[in-house]
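Residue-level listing of the chains:
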Protein chains: 2
Amino acid sequence: VTRALVDSVLHVHAGRFVADGVSPLDLDVILSRVTEWADWFPAWADVGDEYERRGHEALVLGRTVSAGEFFWRASISYHYAQFLFFQDRLRREHGQQRKEQLYAAAAPLLVPRAERFDIAIDDVTIPGYLRLPPGVPAAPVVVLIGGLESTKEESYEFENALLRRGLATCTFDGPGQGEMRAQLPYRPDFERYCAAVVDWLQDRSELDPDRVAVLGRSLGGYYAVRSAAFDRRIRACVVWGAVYEMPPWDRLPELTRMGFHYVSGERREEDARRLLTESIDLRGVASGIRGGLLVLHGARDDLIPADQAQRVSGEAARADPNTLWVEPEGNHCCHNLSTIIRPGMADWLSERLAPGTGMI
Amino acid sequence: VTRALVDSVLHVHAGRFVADGVSPLDLDVILSRVTEWADWFPAWADVGDEYERRGHEALVLGRTVSAGEFFWRASISYHYAQFLFFQDRLRREHGQQRKEQLYAAAAPLLVPRAERFDIAIDDVTIPGYLRLPPGVPAAPVVVLIGGLESTKEESYEFENALLRRGLATCTFDGPGQGEMRAQLPYRPDFERYCAAVVDWLQDRSELDPDRVAVLGRSLGGYYAVRSAAFDRRIRACVVWGAVYEMPPWDRLPELTRMGFHYVSGERREEDARRLLTESIDLRGVASGIRGGLLVLHGARDDLIPADQAQRVSGEAARADPNTLWVEPEGNHCCHNLSTIIRPGMADWLSERLAPGTGMI
């Protein structure tokens with residue numbers, strides 16, 4: 001039974017780990033140590049600890065680029081250690097914290113570096129990171145929004161794809177995500193928090209305040225549509241795996257359901273289910289998008305059926321351009337086709353945000 | 001029997017393909033199509049053709065960064081299609097040419113771009129590529145030397161690791177390698193050709209002529225030692241997998257033997273064996289190295305035993321520093337430990353070539 005759980009996670013998320021930068025050599029080692037789900041966390045954590053040790057070793061020798069890379073590898077290892085590991089809440093929380101701390105150690109050493117920010121809103125703060133493409137004055141910027149179990153530490157590789165194209169990147173944890181969840185669980189108005197980040201970006205002299213886009217992955221695709229629909233400053237929106245409405249609760253894999261429950265902050269599963277089913281719904285929202293919209297989805301997505309992508313795109317009548325991209329062989333977020341879809345999304349964003357392509 | 005050949009290649013070269021940038025997702029697809037050795041070439045070539053098609057598609061749309069990435073993926077796919085594929089010489093030659101053409105298409109589109117050069121020497125030309133780190137005036141430069149079946153198109157990922165550290169990269173095909181082999185097979189004086197490349201680098205205003213290093217991989221480690229020993233302009237030398245002398249011919253895997261035979265340019269295997277066994281020998285050579293020397297080797301190298309690394313390092317009495325790095329779990333060139341050894345070599349080079357670290 002527990003091996004079936006491992007197989008199911010590997011099936012649903014095939015390609016995701018390596019696409020996010022986990023070394024396939026490490027993944028082979030990790031998976032060779034996992035026979036049941038209980039092995040998942042320690043197998044990943046061991047690899048993370050080893051990279052952390054190497055990071056400190058490199059730092060002592062003044063090898064800053066390697067130290068950054070090792071700490072980042074440690075961080076992504078802990079990210080996937082705690083990933084869906086709801087069977088041991090304390091351990092999972094510990095994994096989250098380790099991921100955050102290790103990424104914070106990597107951030108100033110990455111090339112280009114990731115600058116930490118904390119934005120006050122109400123009585124909480126939104127934590128995030130900004131990375132700037134070298135040699136690009138007044139750079140356009142893409143705000144990256146994570147999904148149900150993603151956080152601001154997960155997108156280093158995709159950030160690099162954007163940075164190569166001269167686009168700055170900004171990641172943050174919103175309600176229910178990563179560092180912010182303890183202060184603030186899921187809320188239906190994610191767009192308020194994204195707008196606060198866009199406010200903050202307006203004042204950065206290295207950025208062009210008129211060229212801001214958002215990209216959201218998985219449940220983040222839902223957040224991104226809301227953010228773009230309610231904020232005219234956002235000129236383009238990429239939905240990397242659509243969520244139009246909450247899929248039927250009982251048809252979700254058990255761990256995904258536990259993820260939703262966790263993020264909701266509700267004690268009882270029944271309350272989580274009600275909150276999420278009532279509020280995760282884009283009816284009347286996508287039509288507010290006036291900038292560009294790209295909706296990418298895999299026809300073989302096991303979590304969210306592709307018709308949700310069609311509905312998002314179909315309702316966004318004023319989006320221009322409005323591009324629906326369904327990959328016939330793609331799984332959830334098309335992680336199994338990462339070498340194709342990541343450059344494609346990065347290009348599309350680059351075209352929307354390039355100088356002289358005003359659209360609103 | 002033929003499946004045993006596939007397994008043997010995968011075992012000896014474990015980790016190499018993905019470390020050189022092949023997507024593990026593509027590798028899974030490719031290996032699922034290989035049941036016997038005859039399947040090897042077409043399985044890789046199909047993936048290469050698909051990326052080539054996407055490259056042209058991206059180019060038409062003006063998506064130059066993606067086009068560069070797709071053409072490079074096509075090139076590395078053809079590189080590994082023809083890799084050790086001696087059972088069909090015509091097809092292998094075709095794969096070599098496809099690799100060269102596809103990399104040539106990628107080169108101006110890579111970030112940073114690879115600039116093609118051709119250096120005349122005697123009545124032949126040395127072809128190569130130069131990549132410059134953005135924003136670094138008078139950059140140090142590392143000359144990368146391939147091995148028995150590597151060529152100037154293979155090292156994109158490792159080049160990126162050097163470029164991130166502010167080091168320029170220069171790759172070329174010498175005697176017996178890639179584009180040059182048809183004009184000129186293996187010769188015992190590889191260092192003459194490397195010196196011609198170093199001559200050419202001296203005149204590039206973007207580079208610091210006083211900060212030049214060489215790095216050679218596998219048989220290229222042998223070439224690199226010769227090059228550094230005979231050229232005082234080379235301040236540091238990395239041996240990424242040592243070859244002190246030709247290993248006993250009959251103990252080599254069949255395909256490696258065929259590789260040596262091919263590179264030698266001799267018609268009869270017996271003549272290839274004699275030429276190589278007599279000339280591949282560092283006795284009295286490594287002692288000429290006056291700059292820094294790093295010798296990296298895997299204790300589990302199936303092709304070249306680790307004592308060859310000890311002999312290279314041991315004879316280089318005047319090298320300073322003289323670092324011997326043997327990884328207990330490392331295979332040939334430690335490709336199975338790429339996330340560790342690649343940053344390590346890049347750091348070591350960075351430290352040797354940084355301003356103010358004069359050593360000769």
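Everything below is about the structure printed above this text.
Attention in this report is confined to the structure presented alongside it. Nothing here was measured: the structure is a model prediction, and the numbers come from that model. Residues take numbers from 1 onward in each chain, read along the sequence in its written order. As a convention, the first chain written is A and the first ligand written is 1, with the rest following in written order. Whole-chain, interface and lining totals are the exception, using all residues; otherwise, since this is a predicted model, local features are given only for residues with pLDDT of at least 70 and side-chain atom pairs are given and counted only at 80 or more. Heavy atoms from the whole structure form the basis of all side-chain values; hydrogens and water molecules are not counted.

1. Remarks on the pairing of strand β6 (residues 234–240) of chain B
All names here are of chain B. Here is the rule: Residue exposure (1.4 Å probe, protein chains only): buried if accessible area is under 20% of the type maximum, exposed if over 50%, otherwise partly exposed. Working definition: helices are DSSP H or I runs of at least four residues, strands are E runs of at least two. Numbering for both runs from the N terminus. Here a strand pair is declared whenever DSSP counts at least two bridges between the two strands. Whether a crossover is right-handed depends on one test, that the path from the first strand over the helix to the second runs clockwise when the strands point away from the viewer.
Counting buried positions along β6 yields seven of seven residues, so the element is predominantly enclosed. Two strands pair when backbone bridges link them, and strand β5 (residues 207–217) and β6 are joined in this way by six bridges, in the parallel orientation. Within the sheet, the bridge partner assigned to L215 lies in β6 and is V238. Where the polypeptide runs from β5 across helix α10 (residues 219–230) and back to β6, its parallel neighbour, the crossover connection is right-handed.

2. Overview of the relation of the copies chain A and chain B
Heads up, the rule is: What sets the superposition is a least-squares fit of C-alpha atoms, and only residues with pLDDT of at least 70 in both copies go into it. Residue contacts are counted whenever heavy atoms from the two residues lie within 4.5 Å of one another.
Rotating chain A by 180° and translating it 0.0 Å along the rotation axis places it on chain B, where the RMSD comes to 0.0 Å. Here the transformation between the copies is reduced to the relation of a two-fold axis. Within chain A, P24 of chain A has its C-alpha nearest the rotation axis, a separation of 3.2 Å. Interface residue correspondence from chain A to chain B reaches 100%, placing this contact among same-surface, isologous pairings.

3. Some remarks on the environment of V141 of chain A
Residues and elements named next belong to chain A. Note that V141 resides in strand β3 (residues 139–145). On the basis of relative accessibility, which here comes to 1%, the residue V141 falls in the buried class. Spatially, the C-alpha atom of V141 lies 4.4 Å from that of A168, the residues being 27 residues apart in sequence. The residues contacting V141, other than those within four sequence positions of it, are L130, A168, T169, C170, L201, L207, R211, V212, A213 and L353.

4. Regarding the sheet that holds strand β3 (residues 139–145) of chain B
Residue and element names in this part refer to chain B. Selection rule: Lines are fitted to the C-alpha atoms to define the axes, a helix being fitted only along its stretch in contact, and any angle between axes, read from their N-to-C directions, falls within 0 to 180 degrees.
The sheet built from eight strands is open, its strands ordered β1-β2-β4-β3-β5-β6-β7-β8 with mixed pairing. In this open sheet, the two strands that pair with only one neighbour each are β1 (114–121) and β8 (322–327). Strand-to-strand twist across the sheet, computed as the mean angle between neighbouring axes with direction ignored, equals 20°. Two strands pair when backbone bridges link them, and β6 and strand β7 (residues 292–298) are joined in this way by five bridges, in the parallel orientation. Its bridge partner lying in β7, A236 is registered against G292. Contacting β3, β5, β6, β7 and β8, helix α14 (residues 338–353) runs over the sheet at an angle of about 170° to β6.

5. Some thoughts on the interface of chain A and chain B
Stated precisely, the cut-off is as follows: When two components associate, each loses some accessible surface as probed by a 1.4 Å sphere; the sum of these losses over both components is called the buried area. Under the scheme applied, nonpolar residues are Ala, Val, Leu, Ile, Met, Phe, Trp, Tyr, Cys and Pro; charged residues are Asp, Glu, Lys and Arg; polar residues are all the others, including Gly.
Every contact between the two is made by 28 residues of chain A and, on the other side, 28 residues of chain B. Here chain A packs against chain B, burying approximately 2,300 Å² in sum over the two surfaces, 56% of which is carbon and sulfur. Three residues, L25, R63 and T339 of chain A, lead the burial of chain A against chain B; their summed loss comes to 25% of the area buried on that side. Secondary-structure elements contributing two or more residues to the side of chain A that touches chain B are α3 (24–32), α4 (40–60), α5 (64–82) and α14 (338–353) of chain A. For the side of chain A that touches chain B, the element with the most residues is α14 of chain A, which contributes eight residues. Residue composition of the side of chain A that touches chain B, by class: 11 nonpolar, eight polar and nine charged.

Function cannot be read off these values alone, since they describe shape.
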